[in-house]
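# Close look at the chain arrangement
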Amino acid sequence: MNWDDTSSETQAAADAAERLVGASADGEDQAVEAALRPKSLHEFVGQERVREQLDLVLKAALARGASADHVLLSGAPGLGKTTLSMIIAAEMNAPIRITSGPAIQHAGDLAAILSSLQEGEVLFLDEIHRMSRPAEEMLYMAMEDFRVDVIVGKGPGATAIPLELPSFTLVGATTRAGLLPPPLRDRFGFTGHMEFYESAELERVIHRSAQLLDLEIDAEGAAEIAGRSRGTPRIANRLLRRVRDYAQVKADGRINREVAAVALAVYEVDARGLDRLDRAVLRALLKLFGGGPVGLSTLAVAVGEERETVEEVAEPFLVREGLLARTPRGRVATPAAWTHLGLVPPQQAPGTGGQQGMFGM
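Heads up: these notes are all about the structure in this document. Here, residues in each chain are numbered from 1, in the same order as that chain's written sequence. Totals for whole chains, interfaces and linings use all residues, but because this is a predicted model, local features are given only for residues with pLDDT of at least 70 and pairs of side-chain atoms are given and counted only at 80 or more. Only heavy atoms go into the side-chain values, all of them from the structure, while hydrogens and water stay out.

### Regarding the overall build of the protein chain
Worth spelling out the cut-off: The secondary structure listing takes helices from DSSP runs of H or I that are at least 4 residues long and strands from runs of E that are at least 2 residues long, numbered from the N terminus. Note on exposure labels: buried denotes an accessible area under 20% of the residue type's maximum, exposed denotes more than 50%, and partly exposed covers the range between, all computed with a 1.4 Å probe on protein chains only. Note on areas: these come from Shrake-Rupley sampling with a 1.4 Å probe, and a residue is covered only by the protein chains present in the view.
Looking only at helices and strands, one finds 15 helices and 11 strands in the protein chain. Here the protein chain, with 361 residues, has 48% of them falling under the buried criterion. Summed over all atoms, the accessible surface of the protein chain reaches about 16,800 Å², with 51% contributed by carbon and sulfur.

### Considering the packing of helix H8 (residues 199-212) against helix H10 (residues 233-250)
Which entries qualify depends on this criterion: For helices, the axis comes from a line fit to the C-alpha atoms of the stretch in contact; other axes are also lines fit to C-alpha atoms, and the angle between any two N-to-C directions lies between 0 and 180 degrees. Orientation labels follow simple angle bins: below 35 degrees gives roughly parallel, above 145 gives roughly antiparallel, 65 to 115 gives roughly perpendicular, and whatever is left gives oblique. With the far helix as reference, a near helix turned anticlockwise by less than a right angle produces a left-handed crossing, and one turned clockwise produces a right-handed crossing. By definition, residues are in contact when any of their heavy atoms lie within 4.5 Å. Residue type decides the class: Asp, Glu, Lys and Arg count as charged, Ala, Val, Leu, Ile, Met, Phe, Trp, Tyr, Cys and Pro as nonpolar, and the leftover types, Gly among them, as polar.
Two elements in contact, H8 and H10, have axes separated by 10 Å at closest approach and are oriented at 45°. Of the possible angle classes, the one that applies to H8 and H10 is oblique. Taken as a pair, H8 and H10 cross one another with a handedness that is right-handed. Of H10, the residues touching H8 (which contributes Leu202, Val205, Ile206, Ser209 and Ala210) are Pro233, Ala236, Asn237 and Leu240. Among the residues forming the contact of H8 with H10, the class breakdown is 7 nonpolar, 2 polar and no charged.

### What to know about the nonpolar core
Heads up, the rule is: Among buried residues, the Ala, Val, Leu, Ile, Met, Phe, Trp, Tyr and Cys ones that are joined through side-chain atoms within 4.5 Å form a nonpolar core.
In terms of nonpolar packing, the biggest core is built from 48 residues, with Leu84, Ile206, Ile217, Ile225, Leu240, Val243 and Ile255 touching the most fellow members. For this core, the leading source of residues is H10, giving 6 residues. With residues near it in sequence (within four places) discarded, leucine 240 still touches Ile206, Ser209, Ala210, Leu213, Leu215, Ile217, Ile225 and Ile255.

### Re the pattern of salt bridges
Put simply, the test is: The working definition used for a salt bridge is a side-chain nitrogen of Lys or Arg within 4 Å of a carboxyl oxygen of Asp or Glu.
A complete count under the given rule lists 20 salt bridges for this structure. Residue glutamate 220 is joined to arginine 257 by a salt bridge in which the shortest nitrogen-to-oxygen separation is 4.0 Å. Linking glutamate 220 in helix H9 (residues 219-226) with arginine 257 in helix H11 (residues 257-266), this pair joins segments that are 37 residues apart in sequence. The exposure class assigned to glutamate 220 is partly exposed, which follows from its relative accessible area of 45%. In this structure, the salt-bridge partner of aspartate 270 is arginine 279, at a minimum N-O distance of 3.5 Å. The burial state of aspartate 270 is the same as that of arginine 279; both residues are buried. Each member of the salt-bridge network shares a partner with another, and the members are Glu220, Glu224, Arg228 and Arg257.

### What to know about the sheet that holds strand S6 (residues 169-174)
As a reminder of what qualifies: At least two bridges found by DSSP between two strands is the condition for calling them paired.
Reading across from one edge, S2-S3-S6-S1-S7 is the order of the 5 strands in this open sheet, with parallel pairing throughout. Two strands close off the open sheet at either side, each with one partner strand: strand S2 (96-100) and strand S7 (190-193). For this sheet, the mean angle separating the axes of adjacent strands, direction not counted, is 15°. Here strand S1 (residues 71-74) runs beside S6; their pairing, made up of 4 bridges, is parallel. What sits directly across from valine 71, in S6, is valine 171.

### Structural notes on unusual backbone geometry
Here the phi dihedral of glutamate 127 falls at roughly 50°; this positive angle occurs in a residue that is not glycine. Tracing the chain through its elements places glutamate 127 in the loop between strand S3 (122-126) and helix H6 (133-145). On the accessibility criterion, glutamate 127 (26% relative accessible area) is partly exposed. Positioned with a positive phi, arginine 230 is a non-glycine residue whose angle comes to about 60°. Along the chain, arginine 230 falls in the loop between H9 and H10.

### Digging into the pairing of strand S10 (residues 324-327)
Where S10 meets strand S11 (residues 330-333), 4 bridges bridge the pair, whose relative direction is antiparallel. Within S11, the residue paired with threonine 327 across the bridge is glycine 330. Here S10 folds back onto S11 in antiparallel fashion, the turn holding 2 residues.

### Digging into helix H14 (residues 307-320)
Going by this rule: One less than the residue count of a helix, multiplied by 1.5 Å, gives the span that helix is expected to have.
A rise of 1.5 Å per residue sets the reference length of H14, with its 14 residues, at 20 Å; its end C-alpha atoms lie 19 Å apart and thus fit the reference within 8%. If you check which residues of H14 are buried, you get Thr309, Val310, Val313, Ala314, Glu315, Phe317 and Leu318. Glycine 322 lies just past H14 and shows a positive phi near 75°.

### Description of the packing of aromatic side chains
Within a pair of aromatic rings, the relevant descriptors are the distance that separates the centres and the angle that separates the planes. Condition: When two rings of Phe, Tyr or Trp (its six-membered ring) have centres within 6.5 Å they constitute a pair, described as stacked for plane angles under 30 degrees, edge-to-face for angles over 60, and tilted for the intermediate range. Ring-over charges, as used throughout, are those where CZ of Arg or NZ of Lys falls within 6 Å of the ring centre and within 35 degrees of the ring normal.
Per the stated rule, a full pass over the model turns up 1 aromatic pair. Ring geometry for phenylalanine 146 and phenylalanine 168: centres 5.4 Å apart, planes at 85°, overall edge-to-face. Note that phenylalanine 146 is positioned in the loop between H6 and strand S4 (147-152) and phenylalanine 168 in the loop between strand S5 (159-164) and S6, a separation of 22 residues in sequence. When its relative accessible area of 1% is taken as the criterion, phenylalanine 168 is described as buried. Lying across the ring of phenylalanine 317, arginine 230 places its NZ or CZ 3.9 Å from the centre.

### A few points about the environment of phenylalanine 188
Its place among the elements puts phenylalanine 188 in the loop between helix H7 (182-185) and S7. Sequence separation of phenylalanine 188 and leucine 72 is 116 residues, and the distance between their C-alpha atoms is 6.2 Å. If near-sequence neighbours (up to four positions away) are discounted, phenylalanine 188 is found in contact with His70, Val71, Leu72, Ile128, Met143, Leu170 and Gly172.

### Some points on a nonpolar patch on the surface
For clarity, the threshold we go by: Within the patch definition used here, like charges are joined within 9 Å and nonpolar side chains (Val, Leu, Ile, Met, Phe, Trp, Tyr) within 5 Å, considering only residues with over 30% relative accessible area and no salt bridge.
A grouping of Val150, Ile161 and Leu163 is seen on the molecular surface, where their side chains present a nonpolar patch of about 200 Å² in accessible area. For leucine 163, a relative accessible area of 31% puts it in the partly exposed group.

Following this line, the structure appears as structure tokens:
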């Protein structure tokens, strides 16, 4: 994708932010996350391997009295990349500057930010894959030599003035690491990939958040919410807040399995974490097209959504859950999709009968 061709990605992100189970954060989520965000690696739940490796990198840098190596964090939205960047700054006793790739569309934008950094400061660059190409090329030299060349003038009379930068640590975050050019990836001293959370880890996140929000929740209630959270702490915290609202209005304020299940049913989030859009995609695929294969555009029209919304918002989770498959011939439902919606597949439906080999079953 070209760096300036981001309309579909932006629209998909907006659609995701409107969903209760969307991993993108809106203004309310960002405000709540600031209160619930862990302040140290010790408090951070999950991502054990990344956390252990990052702890070594930071402690070694402190022992040397130097800035930490540049850090690249990749993974799906809502897994804690921004939180880890703030923890890095806190562990290094350094200030942090936060910006994003879409906000840096000219080399001059980046030069202004870099020239104002303090010694040892942490610069967090979210959505780094969406930064403009000229700014990206300037970043190469800044990361490696702590220097940028500022061009003054135009045409044959233009001159490059070298500008020395203080030592700093760049923390880049991306949901699409494959879009980063190799020269940029190679300049990061540490790369960590954030994985989706297990249910047990999400239960710990929910209990910690409930304590900070002064909520009473038992183990079964936390497990019920965790099971519908798509392996994502941001979604777990959002569902917890909606269950809290229900418990305060309809129950006695305490959250158990029954209260959590009824509350999430009100918000149309089922036992596997599917919401209205997910079920609409599956229902159209199964009932209108017999389980597929069907083209993406046709499926989107049947659901009444934009093609990008179906492809980038609904499909990733359905594929990850094994409910839908992308094939060269189109989208195909798996046997698990029929089971989840309580439907009986026709004898020759994809994934059953004579086409078992498609899914290796």
